[in-house]
Amino acid sequence: MMVPFRRKKSNKQFPVKVCTFDSELEFHLEHRATGRFLFDLICRTIGLRETWYFGLQFEDSKGNLSWLKMDKKVLDQSVHMNNGSCMFIFLAKFFPENVAEELVQEVTQHLFFLQIKQAILSMDVYCPPEASVLLASYAVQAKYGDYDEAVCKPGMLISENLLPQRVIDQYQMTPQMWEERIKTWYADHRGMSRDEAEMEYLKIAQDLDMFGVNYFPITNKKNTEVWLGVTALGLNIYNKENKLLPVTTFQWNEILHISFDDRKFVVKTNDNKNPKPVIFYSQKLRINKLILDLCVGNHDLYMKRRKPDTMEIQQMKAQAKEEKQRRQVERNKLTREKQLREAAEREKAAMEQRLMQLQEEMRAANEALRRSEEAAELLAEKNRLAEEEAMLLSHKAQEVEQEISRMRMTARKTEEEKMYLERKTQEAELLTARMMEESRKRALEADKLKNELIHARVAEKEAKEKLLNFLSRTSTESILITPSSSPESPMHEMHSYDLLADGDMEQLSLEIEKERVEYLAKSKQVQNQLKELRSEIEQLKIGENQCPLDDINAEQLRLGETKYSTLKKVKSGSTKARVAFFEELEPEESVV
């Protein structure tokens with residue numbers, strides 16, 4: 001039995017890296033993988049269904065930027081290999097006319113937001129200074145959520161890349177001054193979710209003159225250099241020095257045919273007054289291919305928008321509506337929960353404050369109680385001292401009483417001694433009187449004895465004389481008697497007792513101490529905000545740092561013109577403008 005031959009599958013794969021503005025994806029593809037396969041794989045990975053806006057951009061082997069073709073193999077498109085991997089950037093290739101009505105999925109809005117923000121910050125898209133500040137506030141709201149003064153510390157936004165360097169260089173303002181102006185509007189966006197903030201960012205950005213415009217340098221046969229702008233509404237022609245105000249425009253509904261032959265690009269319109277086609281020249285054939293690719297894609301989307309929505313888009317819009325309603329319900333629920341939580345936190349804070357007050361009062365009461373206890377202890381000690389003092393005083397009183405008794409006894413003894421002394425005195429007086437009498441008598445006797453002595457001496461003399469006379473006679477003996485007496489003087493000992501009274505105790509003094517902080521504004525509101533900011537920073541502008549686009553934008557503001565009024569004005573006078581513009585151009589036959 002014959003077995004059918006089956007080709008062996010090749011297992012050879014090559015790595016692919018795809019970068020978006022917020023992530024990097026890596027895949028391994030077979031060599032026969034097409035651009036469509038890779039594109040669909042990326043869209044499924046990130047959950048993107050609005051795929052018609054996007055494409056894969058890469059750098060070819062010659063260093064030129066190109067868009068990956070969906071119907072060809074990836075490796076057949078001269079993709080430059082970087083470290084053995086194919087590098088692609090997932091970008092929006094086509095832009096909507098109205099972001100709020102056309103962009104359905106949140107992931108689509110987010111990708112557009114990141115790309116437009118990068119284009120503004122890198123100055124690929126011109127943005128006036130006041131609009132840059134407003135857009136920066138929405139970008140901060142999308143990234144950090146509601147403004148919280150506790151979280152958004154001073155200097156937090158300075159490190160963020162929020163403003164184009166061209167805007168910063170035009171004004172004598174410090175980073176802190178820019179931060180304060182961004183914070184002022186950032187605080188007004190409270191309650192806005194990330195997708196709402198990004199949508200508001202895109203609503204403002206789509207009004208910029210360079211939003212969604214792909215510029216290509218072209219010339220006429222006489223080498224007059226102009227810009228060709230491919231947009232979602234048609235083709236615009238700009239002067240070389242002015243990318244903001246188109247000289248003329250061709251809307252898709254008035255273009256009959258577009259083609260190119262080598263470097264020559266032909267646009268045929270349905271303008272009966274000027275039936276001849278308009279021919280331009282690009283620098284390279286590759287640029288004409290890119291222009292045609294963008295024209296076809298934008299024209300298809302232009303026609304698609306003016307037809308009823310397909311079932312897929314209706315389903316996506318229904319799902320998106322349900323998802324928004326669900327998110328709105330969840331947001332309302334979260335808002336209520338947040339309000340309840342904030343109320344609970346406020347109540348908790350009040351309770352904590354009350355608790356702190358009660359604790360402070362308790363500490364004060366405990367302190368007062370401690371002081372009262374100390375005062376009670378001090379009073380008890382004072383009472384004990386007073387009792388001891390009373391006991392001491394009582395003891396001293398007893399001692400005093402005993403001393404008084406002793407002194408009384410001593411007084412009685414003294415009285416007795418006094419009486420005794422009086423008696424003794426009387427006796428002494430009597431004795432003295434007697435002694436004086438005796439003395440008188442003795443004196444008399446002494447006088448008598450003196451006289452007798454004198455007589456005796458006379459007699460002795462006489463006797464001596466007689467002795468001389470009588471040698472044999474015996475001597476006479478004399479006896480002298482001298483009385484002496486001394487009265488006794490009694491000694492009296494005196495005793496004295498000093499009773500010292502103790503001083504009054506010092507009184508104790510006690511001192512007790514006392515007890516001791518919606519949704520955001522409409523377009524008109526935005527314009528007012530921009531006008532207000534413009535007037536604030538106008539005085540700080542540095543004139544020499546202004547670029548030509550700034551002067552053009554200032555002139556538009558002075559005339560009150562916007563992007564849409566300019567396009568309307570150019571469209572209304574399109575025939576005259578084209579005649580005036582193409583006077584230098586030489587019309588040729590259309591190339592089909």
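All of these numbers come straight from a predicted model, not from anything done at the bench.

## Here's the deal with the overall build of the chain
- When helices and strands are counted, the chain shows 13 helices and 13 strands.
- Within the chain, the fraction of its 592 residues that count as buried is 33%.
- When the accessible surface of the chain is split by element, carbon and sulfur atoms take 53% of a total near 40100 Å².

## Considerations on the pairing of strand 9 (residues 234–239)
- Counting buried residues in strand 9 gives five out of six residues, a clear majority hidden from the surface.
- Examined bridge by bridge, strand 8 (residues 225–230) and strand 9 share five bridges and lie antiparallel to one another. Note that in strand 9 the partner of glycine 229 across the bridge is asparagine 236.
- Hairpin connection from strand 8 to strand 9: three residues lie between these consecutive antiparallel strands.
- The pairing of strand 9 with strand 10 (residues 248–251) spans four bridges and is antiparallel. Of the residues in strand 10, the one forming a bridge with isoleucine 237 is threonine 248.

## Notes on helix 1 (residues 35–46)
- A rise of 1.5 Å per residue sets the reference length of helix 1, with its 12 residues, at 16 Å; its end C-alpha atoms lie 17 Å apart and thus fit the reference within 8%.
- Of all the positions in helix 1, only Gly35, Leu38, Phe39, Leu41, Ile42 and Cys43 are classed as buried.
- Against strand 1 (13–19), strand 2 (24–30), strand 3 (54–59) and strand 6 (85–92) lie the buried residues of helix 1.
- Trailing helix 1 by a residue or two, glycine 47 shows a phi angle of about 75 degrees, which is positive.

## Re the sheet that holds strand 10
- With antiparallel pairing, seven strands are arranged side by side in an open sheet as 10-9-8-7-13-12-11. Strands at the two margins of the open sheet, each flanked by one partner only, are strand 10 and strand 11 (255–261). For this sheet the average axis-to-axis angle between neighbouring strands, irrespective of direction, equals 30 degrees.
- Of the strands in this sheet, strand 7 (214–219), strand 8, strand 9, strand 10, strand 11, strand 12 (264–269) and strand 13 (278–282) are in contact with helix 8 (residues 285–305), which crosses strand 11 at around 160 degrees.

## A closer look at the UniProt feature "binding site: a 1,2-diacyl-sn-glycero-3-phospho-(1D-myo-inositol)" (unreviewed entry) in the chain
- According to UniProt, the "binding site: a 1,2-diacyl-sn-glycero-3-phospho-(1D-myo-inositol)" (unreviewed entry) feature falls on Lys69, Met70, Asp71, Lys72 and Lys289.
- Residue lysine 69 is classed as partly exposed on the basis of its relative accessible area of 47%.
- Not counting the four nearest positions on each side in its chain, lysine 69 is found in contact with Gly35 and Gln77.
- The residues touching methionine 70, leaving out its near neighbours within four places in the chain, are Thr34, Gly35, Arg36 and Phe39.

## Some details on the environment of glycine 234
- If you trace the backbone, glycine 234 turns up in strand 9.
- Judged by relative accessible area, glycine 234 falls into the buried class, the value being 1%.
- Residues glycine 234 and threonine 249 lie 15 residues apart in sequence; the distance between their C-alpha atoms is 7.1 Å.
- Apart from residues lying up to four places away in sequence, glycine 234 is in contact with Gly229, Phe250, Gln251 and Trp252.

## Some thoughts on the environment of proline 164
- Considering the arrangement of structural elements, one finds proline 164 in the loop between helix 4 (129–144) and helix 5 (165–169).
- The class for proline 164 is buried, based on a relative accessible area of 1%.
- It is 9.9 Å that separates the C-alpha atoms of proline 164 and lysine 117, two residues lying 47 residues apart in sequence.
- Leaving out residues up to four positions away in the same chain, proline 164 has contacts with Ile120, Leu121, Met123 and Ser132.

## Brief notes about the pairing of strand 13
- Here strand 13 lies mainly inside the structure; five of its five residues are buried.
- Where burial is concerned, the two faces of strand 13 agree: the one with Val278, Phe280 and Ser282 and the one with Ile279 and Tyr281 are both buried.
- When strand 7 meets strand 13, the two strands line up antiparallel, connected through two bridges. Each bridged residue has a counterpart across the sheet, and for threonine 219 the counterpart in strand 13 is tyrosine 281.

## Looking at the pattern of salt bridges
- Tallied over the full model, the rule gives 22 salt bridges.
- Salt-bridge contacts for aspartate 309 lead to lysine 317; the nearest nitrogen and oxygen are separated by 2.9 Å.
- When the shortest N-O distance is used, the salt bridge between arginine 370 and glutamate 374 registers 2.3 Å. One end of the pair, arginine 370, and the other, glutamate 374, are both in helix 9 (residues 311–469), four residues apart, so they sit about a helical turn from each other.
- The partly exposed category is assigned to arginine 370, whose relative accessible area is 35%.
- When its relative accessible area of 39% is taken as the criterion, glutamate 374 is described as partly exposed.
- The network of salt bridges with common partners includes Glu106, Arg194, Glu198, Glu323, Arg326, Arg327 and Glu330.

## Examining empty space enclosed by the protein
- Considering only enclosed or pocket space, the largest cavity measures out at about 60 Å³ in volume.
- Taken together, the elements giving at least two residues each to the lining of the largest cavity come down to helix 3 (106–121) and helix 4.
- Among the elements that make up the lining of the largest cavity, the one with the highest residue count is helix 4 (four residues).
- Along the lines of polarity and charge, the residues of the lining of the largest cavity split into eight nonpolar, two polar and one charged.

## Some details on the nonpolar core
- By size, the foremost hydrophobic cluster in this structure holds 105 residues, and its most contacted members are Leu38, Phe88, Phe90 and Leu235.
- In terms of residue count, the dominant contributor to this core is helix 4 (nine residues).
- For phenylalanine 88, the residues in contact, after removing those within four places along its chain, are Val16, Lys17, Val18, Cys19, Leu38, Leu56, Gln57, Phe58, Leu68, Val74 and Val79.

## Let's talk about the side chain of threonine 219
- Mapped onto the fold, threonine 219 is located in strand 7.
- Residue class for threonine 219 comes out buried when judged on its relative accessible area of 17%.

## A look at the packing of helix 4 against helix 7 (residues 194–205)
- As a packed pair, helix 4 and helix 7 sit with axes 8 Å apart at the nearest point and diverge in direction by 160 degrees. The pairing of helix 4 with helix 7 is recorded here as roughly antiparallel in orientation. Helix 4 and helix 7 meet at a crossing whose hand is left-handed. Between helix 4, through Leu134, Leu135, Tyr138, Ala139, Gln141 and Ala142, and helix 7, the contact on the second element is made entirely by Arg194, Ala197, Glu198, Glu200, Tyr201, Ile204 and Ala205.
- Its residues assigned to classes, the contact of helix 4 with helix 7 shows nine nonpolar, one polar and three charged.

## What about the confidence of the model for the chain?
- Mean pLDDT over the chain: 78, with 80% of residues reaching 70 or higher.
- For the chain, per-element mean pLDDT is lowest for helix 13 (residues 574–581), which scores 50, and highest for helix 3, which scores 93.
- Segment residues 1–10 is flagged for pLDDT under 50; beyond a separation of four residues in sequence, or across chains, it makes one contact in the model.
- Here residues 473–521 scores under 50 on pLDDT; set against residues more than four positions off or in separate chains, the count is 33 contacts.

Definitions and cut-offs
- Residues numbered from 1 in each chain as written.
- Predicted model: local features only at pLDDT ≥ 70, side-chain atom pairs only at ≥ 80, totals over all residues.
- Heavy atoms only, no water.
- Helix = DSSP H or I, 4+ residues; strand = E, 2+ residues; numbered from the N terminus.
- Buried < 20%, exposed > 50% of the residue type's maximum accessible area, 1.4 Å probe, protein only.
- Areas by Shrake-Rupley, 256 points an atom, 1.4 Å probe, with all protein chains shown as cover.
- Pairing = 2+ DSSP bridges.
- Expected span 1.5 Å × (residues − 1).
- Contact = heavy atoms within 4.5 Å.
- Axes fitted to C-alpha atoms, helices over the stretch in contact; angles between N-to-C directions.
- UniProt positions renumbered as here; feature names shortened; annotations may be inferred.
- Salt bridge = Lys/Arg side-chain N within 4 Å of Asp/Glu carboxyl O.
- 1 Å grid on protein atoms, 1.4 Å probe; cavity = no way out; pocket = protein on both sides within 12 Å on 5 of 7 lines; lining within 4 Å.
- Points joined across faces, edges and corners; volume = space filled by probe spheres on them.
- Nonpolar A, V, L, I, M, F, W, Y, C, P; charged D, E, K, R; others polar.
- Core = buried A, V, L, I, M, F, W, Y, C linked by side-chain atoms within 4.5 Å.
- Parallel < 35°, antiparallel > 145°, perpendicular 65-115°, else oblique.
- Left-handed = near helix turned anticlockwise from the far one by under 90°.
- pLDDT = per-residue confidence, 0-100.

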